[in-house]
Amino acid sequence: MEDDTTDGEPMVLPGGHDVPARPGSVFVGRQREMGELKAALEDALSGRGRMIMLVGEPGIGKTRTSQELAAYADQRGAQVLLGRCHEQVGMPPYWPWVQPIRTCIQQKTPEMLRREMGAGAADIAEIIPDVHGKLPDLKPAPRLEDPEQARFRLFDSITTFLRASAEDQPLVLMLDNLHWADRPSLLLLEFLAQKLEDSHLLVVGTYRDVELSRRHPLAETLGELTKERMFQRILLRGLSEPDVKRFVEATTGLTASQSLVSAVYTQTEGNPFFVIEVVRLLVQEGALTPEGAPGEVALTVRIPEGIREAIGRRLNRLSQRCNETLTIASVVGREFELRQLRPLIVDMSEDRVLEVLEEALSAGVIEELAQTVGRYQFTHALIRETLVEELSVTRRVRLHARIAEVLEELYGADTVAHSGELAYHFGEAQTLLGTEKLVLYSTLAGQRALATYAYEEALDQFQRVLDAKDSDQRDAEAAAALFGLGRAQAALGRIEEAIPNLAKALDYYSDAGNIENVVAIGATPLPAWAGRLEGALDLCTKALEMADRTSLEAGRILCNQGGILGLQEGDYEGALAAFDRALDIARREKNVALEVAALASAAFVDVYHLRPKEGLEKSSLAIDLARQVEPSVAAVVAHYSAALFMWFTGETQRIGQHAEAALAAAEKLRDRSWLARAAWANEFVPFVSGDWDTARAYSDRGQSVLISDVRPLTARVVLEYEVGEFRQGEVFLERMLDITRSTPPGPTLEQAGPSYVASIAGRISGISDRFDNSEESAAAILSLPFLTPLIEYLVNAALALIAVERGDDSAARDPYAVLKRLRDRVPSILISTDRVLGLLAHTMTELDGATGHFEDALAFCRRAGNRPQLAWSCCEYADALRERDGEGDREKAMSLLDESLAISRQLGMRPLIERVVASQERAKSQPVKTRPFPDGLTQREVEVLRLVAAGKSNRQIAEELFISPRTVARHVSNIFIKIDVTNRTEAAAYAARHDLAVQ
């Protein structure tokens, strides 16, 4: 343990008084902290999971406090599992999790494991092979191409298992020394934290706050954990002086003088471990006796100036052979085994080695680890550090070299499992042994890390290989490291870094004629995010040049190439050609999995190119074929694409079956990216029907699995604005914009989506704060060399709504032309395309055209069952009719307003309710036209003229008539021309002469 561990054998004070060998076993001065920990445990016992972090400096008592909680938890019937992190490099990824889960697995029957692990057993077995021992018939999990989603599935499997295990018996999971945890382990901790709330789990972590810098991996994790409601930090400080007195007396059995207590307290500042070391030193030096402890003799004993000096003086009391053995052990690591030490000490028999280890055990310098014969650890990290720092650099390097060679021989055929540990020691000894073994074992460790989704560990290992090789990077070892590094970077979303490394590896393999690896690089899955994949197409092209054009490998590369062409390059025809070639290969080889993948990928490209008819055909074929093969992401993609096409075209009744199927398949695969998208697809039906609570639930689900996806936020923002929750809508809109800011510029949904949603929010609320930013984003996207039709639609729809709100007829014309061209291919995305066209035509004062578009919008909304859009279309259509003021327009407008009000009240659409009521009041106050107005004036122009005569400004008239200032200006200009006046004063006089002024 890190701080002050379990009881050991008693030692005898002069005078025959026994004290525990581990004074730290006495527990004082933590009443408040223990109260908080016990309360957290009671929450977990009652099904309200918690996470607690015990924080403090080295030796402050974090581990001892957690041990006290463990004892209490055991009394309360909870199972306690312990995982430790270690400071030495080379520990396998997820080591603090492997230890407790392995213990848990060993205690369960196969039947219990099957029930509690479920489909996740195969995933857990990838990092904990013990699962195979219990479940020998276990089948591998379905393969996921996306490495990020593969890691998500692993995390979900572990979390599901821990939660299920805690249902039978409440579980306390203790993770010690998290400041030494690897990044994948911390990410798993963050994931588990999100799933604790309704569980019987209590997670207790310990870490040193003095170890953390702003850039420390744990600091980032703590930042995420603080967002969780069930997370709490407990800061441990030093013992008070009275606590030190009780501590000394309890551990020595003697009455301590106040002068001695004050001296110990001043020197140690109440740090429990430091108190232990000082008291132990005083005991060993004979300064504490029944006769001497209370008296002046204690004052003559020099308290060490530093704790390292105290540790050093304790070590000096051990035999020379014991110190030599411990020094070797300290270089092995915080933990070490007898089988590792024995070959390193050639002049001692095994019995003699055991004797010196017993000496160290008796002195409390090391301790045996429970449940493991022949395995020890230093009782505190400072003891090991003291021993290591006393070594010269030369001596340390030579020891690492000897340890590396001994461990390599010891592990024999099992070196792959220990490759990280071997890479560490060979790395520390490379000045003596060279880099050959460092390169070998770092490469193996990197490959093992990739296989277990520990991508951060893989980065470190492959980078170590490249650093060791320095400028000599044109050989097979460097190529393997570059390939591994590129895969790890791609898995972590660092695409710009990954592609150059993959390209270098491909160039080497290409020159070497290694077709297998060239093809593997070309088939490496890369997320087809436009604007982020420069150079990705070259990887596919070069790989295809070397691959057998008729092979299944070529088919997989062609699927990659098709996605990149269609989504990144905007080359629809090129994408179709690539997918067609992949399909030819799949059908000739009778490989259904490849056929499904090619069809589903092609359908997804059709989404971005707004080809619903073609895309639905491909989706349907893929869905039918997918029933013949193992579950795959391709099946999710096919159902998801079909749901999107039906949403776009208003086939609401058919959306549900595909959205639900996509979600079920994504859940089975536990693929985070597609879980988020499938959850969003399930929002479509409740969103268009106005079932806000169900839509919110799906949105929350999508956000919970992937916070970096804008999709689950799009409809949510619009929803909150529709019901008048502007503040909440702004929160979700800001989340969307945060994702945009962290995404490289490009014609992507992450860039175009937030602008479109912000413009819809502005239309609903009348708040235009975001319009300038939306216009800038749209202009940046439109300046790019290509756009897929979907992105072109979203950008122009955003600009259209902004133009409508500003009443800018000139700005309305370009988006009108684009949306009219795309209208048949995408009748609706969030709002009806015909509705937007009607608003644009109204803004351009093309009122007959506007009414035609609004009629189409009403027909679409009624057919699709889109009630919110129907309500808006009725209201906006009524505004256009009132302005046109033709025969029967007024009566129809009143009828449309009544329908709009009925729907908006039923759905709680407060902003629209206010707008409709205001429109109704204006319509009722509008005089009935009983005679033609003079000089060809229209009803709306007479309304404007009356307000001009009343001294109203254009903006005041706009607010009163609920039209834009620009529209008012256009009406004023037309009026002046018709009645032949040049200013507002003359217009007011004209109104008075013709009895048109306000009475």
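Computed from a prediction, not measured in an experiment: that's the story for all the values here. (Residues numbered from 1 in each chain as written. Predicted model: local features only at pLDDT ≥ 70, side-chain atom pairs only at ≥ 80, totals over all residues. Heavy atoms only, no water.)

1. Regarding the overall build of the chain
Move 1: What the chain contains, in helices and strands, is 50 helices and twelve strands.
Move 2: If you line up the chain on its principal axes, its C-alpha atoms span 125 × 75 × 55 Å.
Move 3: When each of the 999 residues of the chain is scored for burial, the buried share is 59%.
Move 4: Surface summary for the chain: the accessible area is close to 39500 Å², and the carbon and sulfur share equals 49%.
Move 5: When the 112 positive and 147 negative side-chain charges of the chain are each reduced to one mean point, those points stand 3 Å apart. (Helix = DSSP H or I, 4+ residues; strand = E, 2+ residues; numbered from the N terminus. Buried < 20%, exposed > 50% of the residue type's maximum accessible area, 1.4 Å probe, protein only. Areas by Shrake-Rupley, 256 points an atom, 1.4 Å probe, with all protein chains shown as cover. Lys, Arg positive; Asp, Glu negative; His and termini not counted. Charge placed at Lys NZ, Arg CZ, Asp CG, Glu CD.)

2. Examining unusual backbone geometry
Move 1: At Asp-935, a residue that is not glycine, the phi angle is positive and equals roughly 60°.
Move 2: Tracing the chain through its elements places Asp-935 in the loop between helix H46 (910-925) and helix H47 (939-949).
Move 3: By relative accessible area, Asp-935 is classed as partly exposed at 43%.
Move 4: We note that Asp-980 has phi near 60°; this positive angle belongs to a residue other than glycine.
Move 5: Secondary-structure assignment places Asp-980 in the loop between helix H49 (965-979) and helix H50 (984-993).

3. Details of the packing of aromatic side chains
Move 1: Under the counting rule described, the total for this entry stands at 20 aromatic pairs.
Move 2: Centroid distance Phe-604 to Tyr-640: 6.4 Å. Interplanar angle 40°. Geometry classified as tilted. Separated by 36 residues along the polypeptide, Phe-604 in helix H29 (residues 592-608) and Tyr-640 in helix H31 (residues 633-649) bring together distant segments of the chain.
Move 3: Taken together, a centroid distance of 6.4 Å and an interplanar angle of 50° make the contact between Tyr-640 and Trp-680 tilted. Of the two residues, Tyr-640 is situated in helix H31 and Trp-680 in helix H33 (residues 672-681); the sequence distance between them amounts to 40 residues. Like Tyr-640, the residue Trp-680 is buried in the burial classification.
Move 4: In this structure an aromatic cluster arises from ring pairing among Phe-604, Tyr-608, Tyr-640, Trp-647, Phe-648, Trp-674, Trp-680 and Phe-684.
Move 5: The ring of Tyr-72 has Lys-38 lying over it, and the distance from NZ or CZ to the ring centre is 4.7 Å. (Phe/Tyr/Trp six-rings, centres within 6.5 Å; stacked < 30°, edge-to-face > 60°. Lys NZ or Arg CZ within 6 Å of the ring centre and 35° of its normal.)

4. Details of the nonpolar core
Move 1: Membership of the largest hydrophobic core comes to 273 residues, with the highest contact counts inside it found for Met-51, Met-53, Leu-326, Ile-366, Tyr-756 and Tyr-793.
Move 2: Residue contributions to this core peak at 13 residues, all from H31.
Move 3: Excluding residues that lie within four positions of it along the chain, Met-53 makes contacts with Leu-178, Leu-189, Gly-205, Tyr-207, Leu-222, Leu-225, Phe-231, Gln-232, Arg-233 and Ile-234.
Move 4: Judged by nonpolar contacts, the second largest core, of 21 residues, contains Leu-945, Leu-947, Phe-976 and Leu-996. (Core = buried A, V, L, I, M, F, W, Y, C linked by side-chain atoms within 4.5 Å. Contact = heavy atoms within 4.5 Å.)

5. As for the sheet that holds strand S10 (residues 375-378)
Pairing between the strands of a sheet comes from backbone hydrogen bonds, and it takes one of two forms, parallel or antiparallel.
Move 1: Across the sheet, which stays open at both edges, the three strands sit in the order S8-S10-S9 with antiparallel pairing between neighbours. Looking at the sheet topology across the chains shown, the edges are occupied by strand S8 (335-337) and strand S9 (366-368). With strand direction ignored, the average angle separating the axes of adjacent strands in the sheet is 30°.
Move 2: Across three bridges, S8 lies against S10 in antiparallel orientation. The partner of Glu-337 across the bridge, within S10, is Arg-375.
Move 3: Those strands touched by helix H16 (residues 350-362) are S8, S9 and S10, and its axis lies near 110° from that of S9. (Pairing = 2+ DSSP bridges. Axes fitted to C-alpha atoms, helices over the stretch in contact; angles between N-to-C directions.)

6. Here's the deal with the packing of helix H30 (residues 612-626) against H31
Move 1: Running from N to C, H30 and H31 point in directions that differ by 145°, and their axes come no closer than 9 Å. In this structure, the crossing between H30 and H31 has a hand that is left-handed. Between H30 and H31, the contacting residues are Pro-612, Gly-615, Leu-616, Ser-619, Ala-622, Ile-623 and Ala-626 on the first element and Ala-635, Ala-638, His-639, Ser-641, Ala-642, Phe-645, Met-646 and Thr-649 on the second.
Move 2: Taken together, the residues that form the contact of H30 with H31 break down as ten nonpolar, five polar and no charged. (Left-handed = near helix turned anticlockwise from the far one by under 90°. Nonpolar A, V, L, I, M, F, W, Y, C, P; charged D, E, K, R; others polar.)

7. Focus: helix H42 (residues 833-843)
Move 1: For H42, the tally of buried residues reaches eleven of eleven residues, placing the bulk of the element in the interior.
Move 2: By the burial criterion, the buried members of H42 are Thr-833, Asp-834, Arg-835, Val-836, Leu-837, Gly-838, Leu-839, Leu-840, Ala-841, His-842 and Thr-843.
Move 3: A distance of 3.2 Å separates the backbone nitrogen of Asp-834 from a side-chain oxygen at the start of H42, and that oxygen is part of Ser-832.
Move 4: Once H42 finishes, Thr-845 follows within two positions and takes phi at roughly 60°, a positive value. (Polar contact = N/O pair within 3.5 Å; in protein donor to acceptor, adjacent residues only side chain to side chain.)

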